[in-house]
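A look at the structure
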Amino acid sequence: ASFFDALRMIAGIASQCIRTVDVAARSDEATLLLVLPHTPAEGCAVVVNRLRERLEGISPLPGVPLQVTFAHATFAGATLPSPERVLFGEFFHA
């Protein structure tokens, strides 16, 4: 198993924890973004907790613990960006 196997495993579990309107995508080698449209901070916390529970004790390499860090941001106001604009547009820059 490799780093990329671990990322694919995390992405697979994440895709089981989100709705059909949500978007999961890799932004770089080590970052998986989840865009949860129309979701308040409390809803993000629910998804993060669900992911933590499902990832607990899972590792692609025997004896090597999986370490995952979570963070979230929310957008307020009437002009929310589309998930595609967040992932591929003006909000995230290398």
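Residues numbered from 1 in each chain as written. Predicted model: local features only at pLDDT ≥ 70, side-chain atom pairs only at ≥ 80, totals over all residues. Heavy atoms only, no water.

The subject of this paragraph is the pattern of salt bridges. For the structure shown, the criterion picks out two salt bridges. In this structure, Asp5 engages Arg8 in a salt bridge whose closest nitrogen and oxygen atoms are separated by 2.7 Å. One end of the pair is Asp5 and the other is Arg8, both in helix 1 (residues 3–17) and three residues apart, which spans about a single turn. By relative accessible area, which is 31% here, Asp5 ends up partly exposed. The exposure class assigned to Arg8 is exposed, which follows from its relative accessible area of 54%. Asp22 is the salt-bridge partner of Arg19, the closest N and O atoms lying 2.6 Å from each other. Its relative accessible area of 9% is what places Asp22 among the buried residues. (Salt bridge = Lys/Arg side-chain N within 4 Å of Asp/Glu carboxyl O. Helix = DSSP H or I, 4+ residues; strand = E, 2+ residues; numbered from the N terminus. Buried < 20%, exposed > 50% of the residue type's maximum accessible area, 1.4 Å probe, protein only.)

In this model, the protein chain carries an average pLDDT of 76, and 78% of its residues clear a pLDDT of 70 or more. Per-element confidence in the protein chain is highest for helix 2 (residues 41–55), whose mean pLDDT is 88, and lowest for helix 3 (residues 83–88), whose mean pLDDT is 60. (pLDDT = per-residue confidence, 0-100.)

One full turn of an α-helix is made of 3.6 residues, so residues set three or four places apart face in the same direction. Over its 15 residues, helix 1 extends 21 Å from the first C-alpha to the last, a length consistent with the 21 Å expected when each residue adds 1.5 Å. All of the buried residues in helix 1 are Ala6, Leu7, Ile10, Ile13, Ala14 and Cys17. Buried residues of helix 1 fall within an arc of 130° about the axis and therefore sit on the same side. Residues of helix 1 that are exposed and point more than 90 degrees away from the buried face comprise Arg8 and Gln16. Of the surrounding secondary structure, the elements contacted by the buried residues of helix 1 are strand 1 (23–28), strand 2 (31–35) and helix 2. (Expected span 1.5 Å × (residues − 1). Arc of directions from axis to C-beta. Contact = heavy atoms within 4.5 Å.)

Where helix 1 contacts helix 2, the axes come no closer than 10 Å and their chain directions differ by 135°. Classified by the angle between their axes, helix 1 and helix 2 sit oblique to one another. Seen along the crossing, helix 1 lies across helix 2 with a hand that is right-handed. Touching Ile10, Ile13, Ala14, Gln16 and Cys17 of helix 1 are Val47, Arg50, Leu51, Arg54 and Leu55, all from helix 2. Across the contact of helix 1 with helix 2, the residue classes break down as seven nonpolar, one polar and two charged. (Axes fitted to C-alpha atoms, helices over the stretch in contact; angles between N-to-C directions. Parallel < 35°, antiparallel > 145°, perpendicular 65-115°, else oblique. Left-handed = near helix turned anticlockwise from the far one by under 90°. Nonpolar A, V, L, I, M, F, W, Y, C, P; charged D, E, K, R; others polar.)

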